[in-house]
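Single-letter residue listing:
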Amino acid sequence: MSASIDITVNGEARSLPAPLPLSEFLAGAGLDTRKVAVERNEEIVPRSAYATTLLGAGDALEIVHFIGGG
Amino acid sequence: MDTVMTAPADNDTDSWEVAGRRFRSRLVVGTGRYKSLEETAAAIEASGAEMVTVAVRRVNLSDPGAPMLQDFVPPDRYTYLPNTAGCHTAKDAVRTLRLAREAGGWNLVKLEVLGPPPFLYPDMPATFEAAEALIKDGFQVMVYCADDPLAAKRLEEMGCVAVMPLGAPIGSGLGLANPFMLRSIIENARVPVLVDAGIGTASEAAQAMELGCDAVLLNSAIAHAKDPVRMARAMKAGVEAGRHAFLAGRMPRNYAADASSPMTGLIR
């Protein structure tokens, strides 16, 4: 059950120790969840679902925020 | 008795509305291309803008604590208008704005689907496709578009809340390449029209407002000025001057002289 899994985050390969809730991944990455948005496999993950979204092998995450733009 | 005439006060009630939100400032500014977030904040403050465009990009996972735009340009003070800059397909634009809605919690957005460099001209077929998907998904879409009266009308009829034809290519600073087309769009529109992109200096912002548009949107003209904060102030004044001139109604053009001083009472 606790085998490590490979996922992609913002285009970079990452290895997680085990299937992990998205909320724990974001906390571990030091991100302020009030200022980011997350897409998993091209589907939006609502903030309310971070704790119940379990990251699995092969998942592709996009984590974005607002920056300056015209 | 003499009639006392007063100039319109600076605090007069002129305003415009989009998607149920009312704005007094007719200058919408971008937040990109500044040297620092401090300069961004100072320039936006000087511009008097109440609405700002922002981009959506991947977070830098190697520096999660880096200062963020929101810390300098607070979204509770400025209406954030997330854009789709860099999107060249309808699919990318829709994905980007769905993320923006989740990040910010609002659904007023700026759609732009761009053709290839060197012009980044609006790709109208892809823009129509993205606008349709976004409107169906509950977004309020302000849309960057070609200076084409038929395209602008079609976007309005689809349900876009504002149309934003270009003055000239993004970041070009060339001013209003085709004032006649912009005027045609403005005259036919029932939603707000913003001239977006191309404005290079304050007189061009004034010219856009004199055509009768509801607001102008610009970024590089401020950010790439030698003194961005001063240019922001100039743009604020230019937009206000152009708006007053439009409301005042310019005098007719006359191809002969018409002296202002009375021709009577001359000394002999």
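Above: the structure in question.
Attention in this report is confined to the structure presented alongside it. The model shown is predicted, which means the values in this text are computed figures rather than measured ones. (Residues numbered from 1 in each chain as written. Chains lettered and ligands numbered in written order. Predicted model: local features only at pLDDT ≥ 70, side-chain atom pairs only at ≥ 80, totals over all residues. Heavy atoms only, no water.)

## What to know about the sheet that holds strand E8 (residues 162–165) of chain B
Residues and elements named next belong to chain B.
- Across the sheet, which stays open at both edges, the 3 strands sit in the order E6-E7-E8 with parallel pairing between neighbours. Every other strand in the sheet has two partners, leaving strand E6 (108–111) and E8 as the edge strands with one partner each. Between one strand and the next, the sheet's axes are offset by a mean angle of 20°, whatever the strand orientation.
- One ladder, built from 4 bridges, connects E6 with strand E7 (residues 140–145); its direction is parallel. Across the sheet, the residue bridging to Leu108 is Gln140, located in E7.
- The strands that helix H4 (residues 124–136) touches are E6 and E7; relative to E7, the one it contacts most, it runs at about 175°. (Pairing = 2+ DSSP bridges. Helix = DSSP H or I, 4+ residues; strand = E, 2+ residues; numbered from the N terminus. Axes fitted to C-alpha atoms, helices over the stretch in contact; angles between N-to-C directions. Contact = heavy atoms within 4.5 Å.)

## What about unusual backbone geometry?
- With an omega dihedral of 5°, the bond running from B:Pro117 to B:Pro118 counts as a cis peptide bond.
- Relative to the assigned elements, B:Pro118 resides in the loop between E6 and H4.
- The residue A:Asn10 is not glycine, and still its phi comes out positive at about 50°.
- In this structure, A:Asn10 sits in the loop between strand E1 (5–9) and strand E2 (12–16).
- Residue class for A:Asn10 comes out buried when judged on its relative accessible area of 8%. (Buried < 20%, exposed > 50% of the residue type's maximum accessible area, 1.4 Å probe, protein only.)

## Considering the environment of B:Asp227
Residues and elements named next belong to chain B.
- For Asp227, the position within the fold is in the loop between helix H8 (220–223) and helix H9 (228–248).
- The spatial distance from the C-alpha of Asp227 to the C-alpha of Leu182 is 29 Å, given a sequence separation of 45 residues.
- In terms of polar contacts, Asp227 uses its side chain to reach the backbone amide nitrogen of Arg230, at 3.1 Å. (Polar contact = N/O pair within 3.5 Å; in protein donor to acceptor, adjacent residues only side chain to side chain.)

## A word on the packing of helix H5 (residues 149–158) of chain B against helix H6 (residues 179–188) of chain B
Residue and element names in this part refer to chain B.
- Running from N to C, H5 and H6 cross one another at 30°; their axes reach a closest spacing of 9 Å. Here H6 runs roughly parallel to H5, going by the angle between their axes. Between H5 and H6 the crossing geometry is right-handed. For the pair formed by H5 and H6, the contact residues are Pro149, Ala152, Lys153 and Glu156 on the first element and Met181, Ser184, Ile185 and Asn188 on the second. (Parallel < 35°, antiparallel > 145°, perpendicular 65-115°, else oblique. Left-handed = near helix turned anticlockwise from the far one by under 90°.)

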